Amino acid sequence: MPNERLRAAMAAGGWTYATLATKAEVDPKSVERWVNLGRTPRRTTALLAAETLGEDVHTLWPALRQARAARAVSPELVALYEKRADVPVSAITDMFAQSREHIDVLVYAAIFLHEAYPRLNDLLRERAADGCTVRIALGDADSQNVRQRGEEEKFGHGIESRCRLALMHYRPLIGVPGIEVRTHGTTLYNSLFRADDQLLVNAHVWGVNAYGAPVWHLRRNGAGGIFDTYAQSFDAVWATASLIREE
């Protein structure tokens with residue numbers, strides 16, 4: 001396939017096969033093949049030709065654009081669980097117990113926490129009393145996104161009831177200094193459980209209940225990593241959420 005970008009760049013500058021070949025230090029036949037057959041020169045030759053034409057080398061030869069090498073394992077990844085059901089509840093509560101600055105929870109309901117660890121509220125009160133900021137974001141039972149999630153996961157109206165039950169569990173914490181409970185109506189792409197620089201991400205899969213979807217355990221390793229991506233996502237949802245006040 002002809003390289004029309006290269007042809008246009010040469011025409012605009014008045015370049016011929018021979019004159020560009022001289023500058024690129026190749027045979028004119030090579031330049032002709034670049035244009036008419038869409039051949040891609042070696043990187044060093046392409047860079048020289050592009051500089052001569054005053055063009056971006058990747059615009060002229062997109063094939064030279066190198067994909068960024070992927071890391072086999074992120075340094076922030078502590079563990080990967082096939083399903084949330086494989087994560088011991090103690091892994092979450094122990095994280096909370098060790099926190100000193102931040103505890104963030106972003107879910108629709110996650111009532112499994114209170115069911116498996118009945119003194120969760122006491123733990124959160126203790127951490128708040130020691131100066132830890134606790135933010136709990138629960139699903140708004142009346143939101144369209146919550147109702148749609150129920151349909152996708154075959155919960156029906158069950159998920160709305162679970163959101164209301166979750167709010168009932170956390171309601172005793174409303175008004176406690178250092179603890180804030182809000183409800184949100186955003187699409188829940190991931191449930192997040194943060195304790196300082198550790199974070200459990202329960203990725204959600206269409207049509208799969210949260211307990212059957214994978215979880216990755218992250219530990220922050222410098223600014224701008226995966227951890228910060230999810231932490232910023234929490235902040236964005238939190239900004240849209242509605243504060244629950246004492247009745």
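Quick note: structure is the one above.
This one's a predicted model, so the numbers in the text were calculated from it and none came from an experiment. (Residues numbered from 1 in each chain as written. Predicted model: local features only at pLDDT ≥ 70, side-chain atom pairs only at ≥ 80, totals over all residues. Heavy atoms only, no water.)

**Quick notes on unusual backbone geometry**
We count it as follows: Working definition: helices are DSSP H or I runs of at least four residues, strands are E runs of at least two. Numbering for both runs from the N terminus. Summary of the burial criterion: residues with accessible area below 20% of their type's maximum are buried, those above 50% are exposed, and those between are partly exposed, where the area comes from a 1.4 Å probe applied to protein chains only.
Phi is positive for Glu-25, which is not a glycine, with a value near 60 degrees. As for its position among the elements, Glu-25 is in the loop between helix 2 (17-24) and helix 3 (28-36). Even without being glycine, Asp-196 reaches a positive phi, approximately 55 degrees. Among the secondary structure elements, Asp-196 is positioned in the loop between strand 5 (190-195) and strand 6 (198-203). A residue is classified by how much of its surface remains accessible, and Asp-196, at 17% relative accessible area, is buried.

**Notes on empty space enclosed by the protein**
If you roll a probe as big as a water molecule over the atoms, it shows you where there is empty space left. For clarity, the cut-off: Here a cavity denotes grid points, spaced 1 Å and computed from the protein atoms alone, that fit a 1.4 Å probe unable to get out, and a pocket denotes an open set having protein on both sides within 12 Å along at least 5 of 7 lines; residues with an atom within 4 Å of a point are the lining. Grid points are joined across faces, edges and corners, and a volume is the space filled by probe spheres set on the points. For this classification, the nonpolar set comprises Ala, Val, Leu, Ile, Met, Phe, Trp, Tyr, Cys and Pro, the charged set comprises Asp, Glu, Lys and Arg, and every other residue, Gly included, is treated as polar.
The tally for this structure, following the rule as stated, stands at 1 cavity of 30 Å³ or more. The volume enclosed by the largest cavity comes to roughly 30 Å³. Around the largest cavity, the lining residues are Asp-104, Leu-192, Arg-194, Leu-199, Tyr-230, Ala-231 and Phe-234. For the lining of the largest cavity, the elements supplying multiple residues, two or more each, are strand 5 and helix 11 (226-240). Per-element tally for the lining of the largest cavity: the top contributor is helix 11, with 3 residues. Residues of the lining of the largest cavity, tallied by class, amount to 5 nonpolar, no polar and 2 charged.

**Description of the environment of Tyr-230**
Rule in force here: Contacts between residues were defined by any pair of non-hydrogen atoms, one from each residue, lying within 4.5 Å.
Relative to the helices and strands, Tyr-230 is located in helix 11. Along the sequence, Tyr-230 and Asn-190 sit 40 residues apart, while their C-alpha atoms lie 8.9 Å from each other. Not counting residues up to four positions away in its chain, the partners in contact with Tyr-230 are Asn-190, Leu-192, Leu-199, Val-201, Trp-216 and Leu-218.

**Quick word on the packing of aromatic side chains**
The following threshold applies: Note on aromatic contacts: the rings of Phe and Tyr and the six-membered ring of Trp form a pair at centre separations within 6.5 Å, being stacked when their planes are under 30 degrees apart, edge-to-face when over 60 apart, and tilted otherwise. For a ring to carry a charge above it, either NZ of a lysine or CZ of an arginine must fall within 6 Å of the ring centroid while also lying within 35 degrees of the normal to the ring plane.
The final tally for this structure, using the stated rule, is 3 aromatic pairs. A ring pair is formed by Phe-112 and Phe-193, whose centres lie 6.3 Å apart and whose planes are at 75 degrees; its orientation type is edge-to-face. Of the two residues, Phe-112 is situated in helix 7 (residues 112-116) and Phe-193 in strand 5; the sequence distance between them amounts to 81 residues. Both rings, one in Phe-234 and one in Trp-238, keep their centres 5.7 Å apart while their planes meet at 20 degrees; by these two values the pair is stacked. Within this pair, Phe-234 and its partner Trp-238 are both found in helix 11, separated by 4 residues, close to a single helical turn. The exposure classification of Phe-234 matches that of Trp-238, with both residues buried. Here the guanidinium or amino end of Arg-84 rests over the ring plane of Phe-112, the centre of that ring lying 3.9 Å away. Against the face of Trp-238 rests Arg-135, its NZ or CZ located 5.5 Å from the ring centre.

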